[in-house]
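Coordinate analysis (summary)
Listed here are the chains, written in short residue letters.
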Amino acid sequence: EAEVAQSPRYKITEKSQAVAFWCDPISGHATLYWYRQILGQGPELLVQFQDESVVDDSQLPKDRFSAERLKGVDSTLKIQPAELGDSAMYLCASSQNPTGVGETQYFGPGTRLLVL
Amino acid sequence: AQSVTQLGSHVSVSEGALVLLRCNYSSSVPPYLFWYVQYPNQGLQLLLKYTSAATLVKGINGFEAEFKKSETSFHLTKPSAHMSDAAEYFCAVTYGGSQGNLIFGKGTKLSVKP
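Attention here is on the structure that accompanies the text. The model shown is predicted, which means the values in this text are computed figures rather than measured ones.

**What to know about the packing of aromatic side chains**
Per the stated rule, a full pass over the model turns up 13 aromatic pairs over all chains. Ring geometry for Y35 of chain A against F104 of chain B: centres 5.8 Å apart, planes inclined by 85°, an arrangement best described as edge-to-face. Placement of Y35 of chain A in strand β4 (residues 31–37) and of F104 of chain B in strand β10 (residues 103–104) is noted, with the two residues assigned to different chains. On the basis of relative accessible area, F104 of chain B is assigned to the buried category, the value being 10%. Every member of this aromatic cluster is reached through a ring pair, and the members are Y33, Y35 and F107 of chain A together with F34, Y36, F90 and F104 of chain B.

If you want it as structure tokens, here you go:
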């Protein structure tokens, strides 16, 4: 069964350093989501792509976070500089179409970030 | 605005007992509702989803949920808990539209006692 791939699985960095996370969605999935999950909370959307275009980045802290999906396939989420409050699980998900029509979002295993 | 409330951040049951995890939603339009399960340090796996077809939805691993519009609820149940059901469960809502991002509840951690 096809899966969403993410790397790295774990990342430890120091405050003010730059970090990057990679996501490869299920083949053929046009919609890609990045979520942030703080310990003890549900995931919250950071950014949504439809093919290579950003559909929603209203919750993305644009002063330090950036995301791209240049060829409409895999995606990279970057944080620069990292802050202590960025420690969280970063989840990538994909769906064939936007979930507004009941499509299922398939999640990757996530990247656990710890900022020291 | 869309929102989801999961009652009880932690539920503990004995093996073989009924599992009931509560979810209430707030939506001004007919919603699509989902239950996901998350094991430690892993991503989320879909258990089941409601998309306005049957109100009783059957999912994987013996779980099911019933959509009750009058109560704005979508509670998750399983007749007999198994040790392997111990995990965190998230209810999520979305609605028809071009974006369709999921709005999650805060989650309920299920513990199963032997």
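**Remarks on the sheet that holds strand β1 (residues 5–7) of chain A**
Residue and element names in this part refer to chain A. Taken in spatial order, the four strands of this open sheet run β1-β3-β8-β7, and their pairing is antiparallel. Edge positions in the open sheet fall to β1 and β7 (65–68), since each of these has one partner strand only. For this sheet, the mean angle separating the axes of adjacent strands, direction not counted, is 15°. Pairing geometry for strand β3 (residues 19–24) and strand β8 (residues 75–79), over five bridges, is antiparallel.

**Section: the environment of T111 of chain A**
Residue and element names in this part refer to chain A. In this structure, T111 sits in strand β11 (residues 111–115). Measuring from C-alpha to C-alpha, the distance between T111 and Q50 comes to 22 Å, with 61 residues separating the pair along the chain. In this structure T111 touches Q6, S7, P8, R9, F21, A88, M89 and Y90, once residues within four positions along its chain are discounted.

**Focus on the pattern of salt bridges**
In the structure shown here, the tally under the stated rule is six salt bridges over all chains. The partner of K58 of chain B in a salt bridge is E64 of chain B, with the nearest N and O atoms 2.8 Å apart. Across the pair D85 of chain B and K78 of chain B runs a salt bridge whose closest N-O atoms are separated by 2.8 Å. Just as D85 of chain B is buried, K78 of chain B falls in that class too. Connected through salt bridges with shared partners, the residues R36, R64, E83 and D86 of chain A form a single ionic network.

**Here we look at the interface of chain B and chain A**
Each partner contributes residues to the interface: chain B has 24 residues there, and chain A has 27 residues. Both sides together, the interface formed by chain B and chain A hides about 1,900 Å², and carbon and sulfur atoms give 51% of it. Counting across the interface, chain B meets chain A through zero salt bridges. Applying the counting rule to chain B against chain A returns five residue pairs in polar contact (both at pLDDT 80 or more). Where the side of chain B that touches chain A is concerned, the elements lending two or more residues are β4 (31–38), β5 (44–50) and β9 (87–95) of chain B. In terms of residue count, the dominant contributor to the side of chain B that touches chain A is β4 of chain B (four residues). Across the side of chain B that touches chain A, the residue classes tally to nine nonpolar, 13 polar and two charged.

**Comments concerning the sheet that holds strand β1 (residues 3–7) of chain B**
All names here are of chain B. As summarised here, the arrangement of the five strands in space is β1-β3-β8-β7-β6, forming an open sheet in which the pairing is antiparallel. The open sheet has two edge strands, β1 and β6 (56–58), and neither has a second partner. Direction aside, the axes of adjacent strands within the sheet are offset by 20° on average. Bridge analysis of β1 against strand β3 (residues 19–26) gives five bridges, and the strand direction is antiparallel. Bridging across to β3, Q6 finds its partner in C23.

**Details of the pairing of β3 of chain B**
All names here are of chain B. In β3, alternate side chains face the same way, and those of V19, L21, C23 and Y25 are buried while those of L20, R22, N24 and S26 on the opposite face are not. As paired elements, β3 and strand β8 (residues 73–78) share four bridges and run antiparallel to each other. Counted as the bridge partner of N24 is S73 from β8.

What counts and how
- Residues numbered from 1 in each chain as written.
- Chains lettered and ligands numbered in written order.
- Predicted model: local features only at pLDDT ≥ 70, side-chain atom pairs only at ≥ 80, totals over all residues.
- Heavy atoms only, no water.
- Phe/Tyr/Trp six-rings, centres within 6.5 Å; stacked < 30°, edge-to-face > 60°.
- Helix = DSSP H or I, 4+ residues; strand = E, 2+ residues; numbered from the N terminus.
- Buried < 20%, exposed > 50% of the residue type's maximum accessible area, 1.4 Å probe, protein only.
- Pairing = 2+ DSSP bridges.
- Axes fitted to C-alpha atoms, helices over the stretch in contact; angles between N-to-C directions.
- Contact = heavy atoms within 4.5 Å.
- Salt bridge = Lys/Arg side-chain N within 4 Å of Asp/Glu carboxyl O.
- Buried area = accessible area lost by both parts, 1.4 Å probe.
- Polar contact = N/O pair within 3.5 Å; in protein donor to acceptor, adjacent residues only side chain to side chain.
- Nonpolar A, V, L, I, M, F, W, Y, C, P; charged D, E, K, R; others polar.

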